[in-house]
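# Notes for the structure review
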Amino acid sequence: MPDGLHLTLQQQTPIPLEARLHCAPGEVLALVGPSGSGKTTLLRSIAGLHPHGQGRIECNGVVWYDSATRLCVPTRQRRVGMVFQQFALFPHLSARDNVAAAMLDLPVEERQQRAQRWLARMHLLGLENRLPRQLSGGQQQRVAVARALAREPQILLLDEPFSAVDRATREALYYELAELREELRMPVILVTHDLDEATLLADRMCMLDHGRILQTATPDELLRAPASAAVARMLGMRNLFAGTLLGHEQECSVVRWQGQTLRIARQAHMAPGEEVMWAVPGTGVMLLNSHATSLQPLENQVTVKVTRILALGEQLRVMLQCGSDTLTMSVPRHVAQRHALSEGQTLQVRLRGELIHLMPATHAQG
Amino acid sequence: MDWTALLLSLELSLWTMLILLPIGIWSGRRLAWTPVRGKSLLEALVALPLVLPPTVLGFYLLVAMGAGSPFGRAWEALFGQQLTFSFAGLLIASVIFNLPFAIQPMQRAFEAIAPEVREAGRCCGMSPWQILLRIELPLAWPGILSALVLTFAHTLGEFGVVLMVGGSIPGETRTIAISIYDRVQAFDNQAAGLMSAVLLGISLAAISLSYLATARLQTRQSHA
C-alpha cells in the first residue's frame with residue numbers, strides 16, 4: 001500500500017539541516033522559505049542529488065536512503081520525476097526526444113509513442129520537433145513536466161518551477177498544474193519562496209528557515225495560527241506585536257497591549273502573566289462606524305492615528321499608530337472615501353479578537 | 001616531395017589524436033566538474049607545453065626516455081628496442097606536448113554544460129555511460145572536435161620536440177617538418193616549397209574546421 005514519502009534528515013555541513021516530513025500520495029506539499037533556508041537542498045536530497053547526512057528517506061515503502069544501514073539508492077533507480085528551476089532540458093534534443101529520454105528502458109517505438117502522448121497531454125502538439133531554445137518559457141516548462149511524468153515516477157519534485165516564466169504564463173501554468181494534480185496519485189513536493197503560489201497550489205505548507213522546519217500545516221491553519229513569530233513574519237503578517245497575557249476568562253483570553261486591554265479568542269495553552277506575541281490578519285482590523293450600535297463580545301475598540309495611506313490598486317493600505325506600534329489595515333478605496341480617511345486623522349478601529357492569535361515570545365525578537 | 005615523411009607525419013598525428021581522445025575526455029570532465037585538490041597546479045602542468053620552448057621539453061623527454069632512465073630501461077626490457085629515436089618514443093613525446101591542445105578545449109566544452117542538465121539525466125534514470133553518450137558528448141562535441149583538430153595540426157607541424165627525441169631517421173622518425181628543414185639545408189627549395197604548401201593547406205583546413213566548431217559551440221551556449 002503506497003503511503004507516500006517519509007523523510008528524516010539531519011546534517012551539519014555543507015548546509016545545516018534538520019527535517020522530518022511526510023507527504024501522502026496525491027498530496028502537494030510546499031517547502032516554503034527564504035533563500036538559503038534549505039528547501040532546495042531537501043528536495044535534492046530526496047532525488048539523491050545531494051549528499052545525505054544522518055537519516056532515512058522512504059517512498060511508498062521502498063527505502064531510498066538509510067544512514068543506519070548505509071543504504072543509498074542512486075538517483076537513477078529512485079524513480080523521481082523532477083522539474084528543475086531552469087527546466088534543464090537537453091538542449092540538443094527535440095521536445096519529443098527530451099520526453100522519450102526519460103523512458104530509455106522501453107523499446108524505441110513505444111518510447112516515441114508515449115512521449116507523443118505526454119506532449120499531447122501537456123498541450124504541446126505541433127511542437128514535438130522543436131529544440132528547447134525554439135520554445136517559449138512556458139512551453140519549456142511543460143516539456144519538463146512531461147519528461148518528469150513520463151518516467152511514471154513514485155514522486156514528483158518541483159524546484160521553483162514557475163520562477164523562470166513571466167507572470168501571465170505562470171497564472172496559466174498554475175491552473176494546468178492544479179488540473180494535473182487531480183490525476184496524479186503520487187506525492188508532489190513543490191519548492192517555492194512565493195507564498196501566494198504555495199497557498200494556491202499546496203495542500204500543506206512546510207515553513208523552513210535556516211535548515212529547520214518551523215511548522216507544517218495547511219495554508220489556512222498557518223495563516224490562522226502560525227506557531228511562532230518567525231512563521232508569522234515569513235507569512236508576511238504585518239500586524240505582529242508584543243503584549244502580556246493577563247489571564248483567561250470563561251469565553252476569552254485577555255491581553256494587555258500598549259496600555260489597552262484586548263479580549264481575544266480563548267487560548268488556554270498560554271500561561272497567564274506570560275509575555276506573548278500576538279498577530280491579527282489585515283481583515284481583523286476594521287474601521288468603526290460612528291453610528292455602530294455596540295461592540296460584539298470579542299471586538300476591541302482602539303483609538304489610533306492614521307500615519308500613512310498607500311494606494312495599492314483598488315485597495316488602500318492604511319498605517320495606524322497605536323502607542324509605539326503600527327497597525328496595518330487594508331480598506332477598499334470607496335470605503336476610505338466614505339470615511340474621508342486622511343493622514344494625521346485620529347479614529348476608532350475594531351480589532352476582531354476571534355482572529356487574534358497568540359504565540360510564545362521566545363523568538364519574538366529573532 | 002618526401003611522401004614517406006608526409007605519411008609518417010599523418011600517421012603520428014592520427015595516433016596522437018586517437019590516444020589523446022579518451023585522455024582528453026576523461027581529464028577534461030574531471031577538471032571541469034570534479035573538485036580536484038591542487039586544480040590550479042594541475043592546470044598549469046597541462047598548459048606547460050604551451051609556454052616551454054620545444055627544445056627544452058624535448059631535452060627533458062629525451063632524458064626521461066633515454067636508455068639511462070628507469071622508464072627507458074623498462075621499455076627496452078619489455079619491447080627489446082630503445083624508446084628514443086623510435087616511432088613509439090616520438091608518439092609518447094607527441095602525446096605529452098599535445099596535452100594542452102587536447103585537454104583545454106574539451107575542459108571548456110564540458111564546463112559549458114549546466115550541472116542541472118546532467119542531473120536531469122540522472123533523474124531520467126540514465127546510467128553514467130548513457131549520460132556520457134547521450135548528453136555530454138553530443139553537447140561537447142564541437143569542443144572535442146576542436147581539440148582533435150588542434151592536436152592533429154600541431155603534431156603535423158611540430159619540429160623542436162620531434163628533432164630532440166626522434167632525430168631524423170627516414171621512415172621511422174623523420175616527419176614532414178624535419179624533411180622541409182633537411183631540404184632547405186640541401187638547397188632543394190622546390191621540394192621544401194611544395195611540402196610547405198601541403199602543410200600550409202592541411203593546417204589551414206584543420207584550423208578552419210576548429211574555428212567553425214568553436215563558433216557552433218558558442219551559438220549553442222548563447223541559446224542554452
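Our next topic: the overall build of chain B. Looking only at helices and strands, chain B features 11 helices and 0 strands. Reading the secondary structure of chain B in the N-to-C direction produces α-α-α-α-α-α-α-α-α-α-α. For the C-alpha atoms alone, the extent of chain B along its principal axes is close to 65 × 40 × 30 Å. Counting over 224 residues, chain B shows a buried share of 41%. Look at the contacts in chain B between residues 6 or more apart in sequence, and 74% of them connect residues 24 or more apart.

We now examine the confidence of the model for chain B. Residue and element names in this part refer to chain B. Considering every residue of chain B, the mean pLDDT works out to 88; 97% of them sit at 70 or more. Per-element averaging of pLDDT across chain B places helix α11 (residues 189-223) at the bottom with 81 and helix α7 (residues 115-123) at the top with 95. Taken together, the chains of this predicted complex give a pTM of 0.84 and an interface ipTM of 0.83.

All names here are of chain B. At a minimum axis separation of 8 Å, helix α1 (residues 3-33) and helix α6 (residues 99-111) run at an interaxial angle of 50 degrees. Considering the angle they form, α1 stands oblique to α6. Our pair here, α1 against α6, has a crossing hand that is right-handed. Along the contact surface, α1 presents L20, I23, G24, I25, S27, G28, R29, L31, A32 and W33, while α6 presents A102, I103, M106, Q107, F110 and E111.

Attention now goes to the nonpolar core. Proteins that are soluble and globular tend to have nonpolar side chains buried together. In this structure, A30, I46, V99, L157 and I189 of chain A are the most contacted members of the largest nonpolar core, which totals 123 residues. For L157 of chain A, the contacting residues outside a window of four places in its chain are L43, I46, A47, V80, G81, M82 and I189 of chain A.

A few words on the interface of chain B and chain A. Contact with chain B, which involves 19 residues of that partner, is made by 19 residues of chain A. Breaking the side of chain B that touches chain A down by element, the ones donating at least two residues are α7, α8 (128-157) and α11 of chain B. Tallying contributions element by element places α7 of chain B first for the side of chain B that touches chain A, with 6 residues. When the residues that make up the side of chain B that touches chain A are grouped by side-chain class, the tally is 10 nonpolar, 4 polar and 5 charged.

Residue and element names in this part refer to chain B. Spanning 13 residues, helix α2 (residues 39-51) covers 19 Å between terminal C-alpha atoms, matching the ideal 18 Å at 1.5 Å per step. Residue L45 marks the point of greatest curvature in α2, where the axis turns by about 30 degrees; the proline P49 follows within four residues. Burial of α2 is sparse: only 0 of the 13 residues sit out of reach of the surface.

Residue and element names in this part refer to chain A. Ordered in space as β14-β13-β12-β15-β21, the 5 strands form an open sheet in which the pairing is antiparallel. At either end of the open sheet lies a strand with only one pairing partner, and these are β14 (260-265) and β21 (357-360). Averaged over all pairs of adjacent strands, the angle between their axes in this sheet comes to 45 degrees, without regard to strand direction. Here strand β13 (residues 252-257) runs beside β14; their pairing, made up of 6 bridges, is antiparallel. From the neighbouring strand, S253 faces β14, where its bridge partner is I264.

This next bit is on the sheet that holds strand β16 (residues 285-287) of chain A. Residues and elements named next belong to chain A. Reading across the sheet, the 5 strands line up as β16-β20-β17-β18-β19 and stay open at both edges, with antiparallel pairing between neighbours. Looking at which strands have only one partner, the edges of the open sheet turn out to be β16 and β19 (325-332). Each neighbouring strand pair of the sheet contributes to a mean axis angle of 45 degrees, computed without reference to strand direction. Pairing between β16 and strand β20 (residues 346-352): 3 bridges, direction antiparallel. Directly across from L287, in β20, lies its bridge partner V349.

All names here are of chain B. With respect to the element layout, L209 can be found in helix α11. L209 sits in the partly exposed class, given 17 other C-beta atoms within 10 Å. Distance in space between the C-alpha atoms of L209 and A147 is 11 Å, their sequence separation being 62 residues.

Calculation criteria
Residues numbered from 1 in each chain as written. Chains lettered and ligands numbered in written order. Predicted model: local features only at pLDDT ≥ 70, side-chain atom pairs only at ≥ 80, totals over all residues. Helix = DSSP H or I, 4+ residues; strand = E, 2+ residues; numbered from the N terminus. Buried ≥ 20, exposed ≤ 12 C-beta atoms within 10 Å, placed from the backbone. Contact = placed C-beta atoms within 7 Å. pLDDT = per-residue confidence, 0-100. Axes fitted to C-alpha atoms, helices over the stretch in contact; angles between N-to-C directions. Parallel < 35°, antiparallel > 145°, perpendicular 65-115°, else oblique. Left-handed = near helix turned anticlockwise from the far one by under 90°. Core = buried A, V, L, I, M, F, W, Y, C linked by C-beta atoms within 7 Å. Nonpolar A, V, L, I, M, F, W, Y, C, P; charged D, E, K, R; others polar. Expected span 1.5 Å × (residues − 1). Bend = angle between axes of the 7 residues up to and from the residue. Pairing = 2+ DSSP bridges.

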